[in-house]
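Coordinate analysis (summary)
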Amino acid sequence: MSAQTNDATDQTAATPSFTCYPALDIRGGEVVRLRQGDYDRQTTYALDPVEQATTYAEAGARWLHLVDLDAALVGGWTLAELVRRIVDATGLRVQVGGGVRSVQDVDAMLAAGAERAVVGSLAVNRPEMVAGWLRQFGPEHVTVALDARHVEDHHGGRWELPTSGWTETSGVDMGGLLEGYRAEGLRHVLATDISKDGMMEGPGLGLYDHLRALDAEVDVQASGGVRDARDVEAVREQGCAGVVLGRSLLDGALDLSDALALERGGEAGA
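Please read all numbers here as calculations on a predicted model, not as lab measurements.

**Description of the nonpolar core**
Among the nonpolar cores identified, the biggest contains 71 residues, and Leu66, Trp133, Leu146 and Leu245 are the most heavily contacted of them. If you tally residues by element for this core, the top one is helix H6 (residues 127-137), at 5 residues. Not counting residues up to four positions away in its chain, the partners in contact with leucine 146 are Val124, Leu161, Met174, Leu177, Leu178, Val189, Leu190, Ala191, Thr192 and Leu211. Ala23, Trp63, Leu190 and Val244 belong to the second-largest nonpolar core, a separate cluster that totals 7 residues.

Here it is in structure tokens:
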């Protein structure tokens, strides 16, 4: 196995405290976006993934968020060659997810050149397994993805964690889950408000408030709903450590240079 070290690749002290992650979702080799994770509500973009990643790198991005939608649907990670091509062509640090089912999937992602493997449903359903991966590969190389849905109740509402493509309710308490992972060194959480994903209606700030209240030390990556530079600034001011930028970049609603200016602590358009 390509066991990763937890020292040489940890460059957090030398990098900004807020990170923009341009995102590419891949299905059948094409760049696509789904609305609220629905495979029947797909937009396909006439873009070459490596060329688009190169464009992001040339704009000054340091990271790329890459998702294998085919693997997320049926398993069997397929993007090893693409990760290698992107890393070789751009030098970007790649965070990759989609359909992680086993330690072999994580190992394959990291062996292909990815910096971090993103683990979603399994992180909710099999926390003891994923906690073992945090120990094995190091907390800088595993990102836990929490996709949440706000449900109103007589207590004012709660955040549920659906799994299996958001079709099943796990019944897992978010606070208890985070507490267990933090005991194993968890550093990175990718959080998506399902109601916002792909909708271009603004980010789920309520979810990020909730996560920060549960654990102020974990680095939260905001995902879903970001429309423009003002939304990027809003999640940064919320205390998030980063933001995943997908459809807003692909549709031209957000200029990556404006987001990166905020990453560096400046102002959009400066």
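Picking up where we left off.
**Overview of the pairing of strand S5 (residues 93-97)**
Of all the 5 residues making up S5, 5 are buried; the element is thus mostly covered by neighbouring parts of the structure. Every second residue of S5 is oriented toward a common face, with Arg93, Gln95 and Gly97 on one face and Val94 and Val96 on the other, all of them buried. Of the strand pairs in this sheet, strand S4 (residues 63-68) and S5 are connected by 5 bridges, and their pairing is parallel. When the sheet's bridge partners are listed, valine 67 is paired in S5 with glycine 97.

**Topic: the confidence of the model for the protein chain**
Chain-level statistics for the protein chain give a pLDDT mean of 89 and a share of 89% at 70 or above. Here residues 1-15 scores under 50 on pLDDT; set against residues more than four positions off or in separate chains, the count is 24 contacts.

**Here's the deal with the side chain of aspartate 105**
Along the chain, aspartate 105 turns up in helix H4 (residues 103-111). We note that aspartate 105 is buried and unpaired, the nearest opposite charge coming from arginine 101 at a distance of 6.3 Å.

**Here's the deal with helix H1 (residues 49-58)**
Listing the buried residues of H1 in full gives Pro49, Val50, Gln52, Ala53 and Tyr56. One side of H1 carries all its buried residues, which in axial view fall inside an arc of 160°. Of the exposed residues in H1, those oriented more than 90 degrees away from the buried face are Glu51 and Glu58. Lining the buried residues of H1 we find strand S1 (19-27), strand S2 (30-35), S4, helix H3 (80-90), helix H10 (247-250) and helix H11 (256-263). Sitting at the head of H1, aspartate 48 places a side-chain oxygen 3.0 Å from the backbone nitrogen of valine 50.

**Some words on H4**
For H4, the set of buried residues is Val103, Asp105, Val106, Asp107, Met109 and Leu110. Considering only its buried residues, H4 is in contact with S5, strand S6 (116-119) and H6. Looking one or two residues beyond H4, the residue adopting positive phi is glycine 113, at roughly 115°.

About the thresholds
Residues numbered from 1 in each chain as written. Predicted model: local features only at pLDDT ≥ 70, side-chain atom pairs only at ≥ 80, totals over all residues. Heavy atoms only, no water. Core = buried A, V, L, I, M, F, W, Y, C linked by side-chain atoms within 4.5 Å. Buried < 20%, exposed > 50% of the residue type's maximum accessible area, 1.4 Å probe, protein only. Helix = DSSP H or I, 4+ residues; strand = E, 2+ residues; numbered from the N terminus. Contact = heavy atoms within 4.5 Å. Pairing = 2+ DSSP bridges. pLDDT = per-residue confidence, 0-100. Lys, Arg positive; Asp, Glu negative; His and termini not counted. Salt bridge = Lys/Arg side-chain N within 4 Å of Asp/Glu carboxyl O. Arc of directions from axis to C-beta. Polar contact = N/O pair within 3.5 Å; in protein donor to acceptor, adjacent residues only side chain to side chain.

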